[in-house]
Amino acid sequence: MTLDGRRPRTDVVVVGAGPNGLAAALVLAGAGLQVEVYEAGATVGGGARTRELTLPGYRHDVCSAVHPMALASPFFRAFDLAAHGVRLLRPEVSYAHPLDGGRAGVAWHDLTRTVEGLGRDGPAWRALFGPLTRHWSDLADLVMSDLRSPPAHPGTAGRLALRLIRRLAARGPLDFTDDLAPALLTGVNAHAIAPARGIAATGVGVVLATLAHAVGWPVPEGGSQRIVDALAAELRRRGGRIITDTPIDDLAQLPPARAVLLDVAPAGLLRLAGPRLPSRYAHSLRAYRQGGAACKVDFALAGPVPWQAPACARAGTLHLAGTRAEVVAAEAAVAAGRHAERPFVLAAQPGVVDRSRAPSGRQVLWTYAHVPNGSHRDVREQIKDQVERFAPGFRDLILAEHVITADRWESYNRNYVGGDISGGATTAWQLLARPVPRWDPYRTPLPGVYLCSASTPPGQAVHGMCGVHAARRALRDRFGIRVDPLALVAGGPTPHTEVARRETP
């Protein structure tokens, strides 16, 4: 029976049709269960939508744009995006970090080429990333686990820990002596929107930089929407239903179901469950720390960005902030609740590999600057300044622009509290104890209700694994099904069994 004693109308209800919600729904539908997904927006997508934000024919990714996790995630390896019609296009330069004077640190997909471009710091870069790149799939399995199970590959876990310790200690053969390599690594650390020298940000940076060499940083042909559209199409093929334009503000709005999975932030769970939650658990949810935020600007351009450093024109992603010291200072300002005078700007130019994003000869440029949580400030001019700094003449190419300030993100996606696109502050503690310090972060105190958003392990990015981990628990707890959830993703739907149909007290 369900929470309120009503006979279930369906087996499972999922709230939120982002990548994690859809991943959970696919696992559960693969077990032969009846699944309904409720989405507040007009389309599926969550953090992976694509729209014409500026001019007709210019396709902009609203939030996430570049997807190394779509190649590395155990969920997407099982789902096989290519088999579902999604082409992931890999720029030969995964990311670049320009410096003043027309120079740039360049992370080629090819590790050897990256090492050669870093001069005397090349051997240290190889020592840091060579072993991790060789064992990238083990590393991906480790960092995208539920962080509660013993690592399947302890050797990789040890290598990652050693490299983090040595980078943080800044001693030994991994030291860098020039300015390109430190900037190149610190820039990728800044994806965490956290102090760039902290252990959590360093962990994020080491993983992302490893994937840059191992699998690349691809963009989906046609936009990020293609990924979630493929997930939604497969869910419907398996008999699942998706109901859009339906905001859920209280669990009582949902139809009776034996399990409810919520792709929502902790604040969303408080809104949905209200007084049903035990006071101690509710207090922990209220204490959950939101992270820094983003002010995003999309540009429609008359042509390619005129980068001073030639390799930047071949990069799918760029970090625009200058030296390592400038990155550290900019991220420290945001962590302290201040706007940086020269903010860290993340930029993506999908047109280097995907001509479908803009009319012939034109380009789109995706950018965001890190700002304090809840900021209402429009920092487009600072973003333009940072691009112009490394690409003189950029401003002359702008045909149109579209801005989302941090305080407006929640109207797009209620999980982005205060403009926090990461699902919570990226700290060492909160990577493990998200959203609350419990051994099982997916189960809530309400029977049959589970969290599956980026506010649960393993956290941010389009990988679907938060949904997979929550779905595995729901299968076991509510339906008595103990199977590898990834096998259900790869194997397709199975008939309803007596186990799956059994009523759970």
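Note that the structure is a prediction, hence the values are computed from the model and not measured.

Cut-offs applied
- Along each chain, the written sequence defines residue order, and numbers are assigned to residues from 1.
- Totals for whole chains, interfaces and linings use every residue, but because this is a predicted model, local features are given only for residues with pLDDT of at least 70 and side-chain atom pairs only at 80 or more, for both listing and counting.
- Note: side-chain values were computed over all heavy atoms of the structure, leaving out hydrogens and water.
- Only buried residues count toward a nonpolar core. Its members are Ala, Val, Leu, Ile, Met, Phe, Trp, Tyr and Cys residues joined through side-chain atoms within 4.5 Å.
- The rule is simple: take the accessible area with a 1.4 Å probe, protein chains only, and divide by the maximum for that residue type; under 20% is buried, over 50% is exposed, in between is partly exposed.
- Throughout, a contact is declared for two residues whenever any of their heavy atoms are within 4.5 Å.
- Strands here mean DSSP runs of E at least two residues long; helices mean DSSP runs of H or I at least four residues long; both are numbered from the N terminus.
- For two strands to count as paired, DSSP must find a minimum of two bridges between them.
- Angular values range over 0 to 180 degrees, each being the angle between N-to-C directions of two axes fitted as lines to C-alpha atoms, with helices fitted over their stretch in contact.
- Ring pairs shown here join Phe, Tyr and Trp side chains whose ring centres sit within 6.5 Å, with only the six-membered ring taken for Trp; geometry is labelled stacked below 30 degrees between planes, edge-to-face above 60, and tilted in between.

Undergrad: What is the right way to read the nonpolar core from this model?
TA: The nonpolar side chains of soluble globular proteins are, as a tendency, buried together. Val-12, Leu-28, Phe-75, Phe-79, Tyr-95, Trp-125 and Leu-261 are the most contacted members of the largest nonpolar core, which has 82 residues in total. If near-sequence neighbours (up to four positions away) are discounted, Leu-28 is found in contact with Val-12, Leu-33, Val-35, Leu-261, Ala-471, Ala-474 and Leu-475. Residues Ala-104, Val-106, Phe-299 and Val-379 belong to the second largest nonpolar core, which totals 33 residues.

Undergrad: So what exactly am I meant to see when it comes to unusual backbone geometry here?
TA: With omega at 0°, the peptide bond leading from Arg-434 into Pro-435 counts as cis. As for its placement among the helices and strands, Pro-435 is situated in the loop between α16 (428-432) and β16 (449-451). Of note, the bond from Pro-457 into Pro-458 is cis; its omega dihedral lies within 30 degrees of zero at 5°. With respect to the element layout, Pro-458 can be found in the loop between β16 and α17 (465-479). Notably, Ile-193 is not glycine yet its phi reads approximately 50°, a positive angle. With respect to the element layout, Ile-193 can be found in the loop between α8 (180-189) and α9 (199-214). Assessed through its relative accessible area of 8%, Ile-193 is described here as buried. At Asp-245, a residue that is not glycine, the phi angle is positive and equals roughly 55°. Asp-245 sits in the exposed class, given a relative accessible area of 55%.

Undergrad: Please clarify how the sheet that holds strand β12 (residues 315-320) should be interpreted in this entry.
TA: Think of a sheet as strands paired side by side through backbone hydrogen bonds, with each pair either parallel or antiparallel. The sheet built from seven strands is open, its strands ordered β7-β6-β12-β13-β14-β11-β15 with mixed pairing. What marks the edges here is a single partner per strand, and that holds for β7 (103-108) and β15 (398-404). With strand direction ignored, the average angle separating the axes of adjacent strands in the sheet is 20°. Pairing analysis gives four bridges linking strand β13 (residues 345-348) to strand β14 (residues 363-371), with the strands arranged antiparallel. Paired with Ala-348 across the bridge in β14 is Trp-366.

Undergrad: Honestly, the sheet that holds strand β1 (residues 10-15) in this entry has me stumped. Any pointers?
TA: Spatially, the five strands line up as an open sheet ordered β9-β2-β1-β10-β16, and their pairing is parallel. The open sheet has two free edges, formed respectively by β9 (241-243) and β16, since each of these has just one partner strand. Adjacent strand axes in the sheet meet at a mean angle of 20°, parallel and antiparallel pairs treated alike. Examined bridge by bridge, strand β10 (residues 257-262) and β16 share three bridges and lie parallel to one another. Paired with Leu-261 across the bridge in β16 is Tyr-450.

Undergrad: Looking at this structure, how should I read the pairing of β12?
TA: For a regular strand, the rule is simple: side chains alternate between the two faces of the sheet. For β12, a buried count of six out of six residues is recorded, marking the element as mostly surrounded by other parts of the structure. Relative to β12, strand β6 (residues 93-99) runs parallel, the two being bridged by three bridges. Counted as the bridge partner of Tyr-95 is Thr-317 from β12. Sheet topology note: the β12/β13 ladder contains four bridges and is antiparallel. Its bridge partner lying in β13, Leu-318 is registered against Ala-347.

Undergrad: Looking at this model, I keep getting lost on the environment of Trp-136. Mind explaining?
TA: With respect to the helices and strands, Trp-136 occurs in helix α6 (residues 136-143). The partly exposed category is assigned to Trp-136, whose relative accessible area is 22%. As for Trp-136 and Gln-363, which are separated by 227 residues in sequence, their C-alpha atoms are 32 Å apart. With near-sequence residues (within four places) excluded, Trp-136 lies in contact with Leu-71, Ala-72, Arg-77, Thr-210, Leu-211, Ala-214 and Val-215.

Undergrad: Sorry, what's going on with the packing of aromatic side chains here?
TA: Think of a pair of aromatic rings as described by two things: how far the centres are apart, and how the planes are tilted against each other in angle. Taken as a whole and judged by the stated rule, the model has ten aromatic pairs. Relative to Phe-129, the ring of Trp-125 lies with its centre 4.8 Å away and its plane at 45°, an arrangement referred to as tilted. Residue Trp-125 and its partner Phe-129 are both found in helix α5 (residues 122-134); the two are separated by four residues, about one turn of the helix. Across the pair, exposure class does not vary: Trp-125 and Phe-129 are buried alike. A centroid spacing of 5.7 Å and a plane angle of 65° characterise the contact between Trp-409 and Tyr-412, whose relative ring orientation is edge-to-face.

Purely geometric stuff here, so don't read any function into it on its own.
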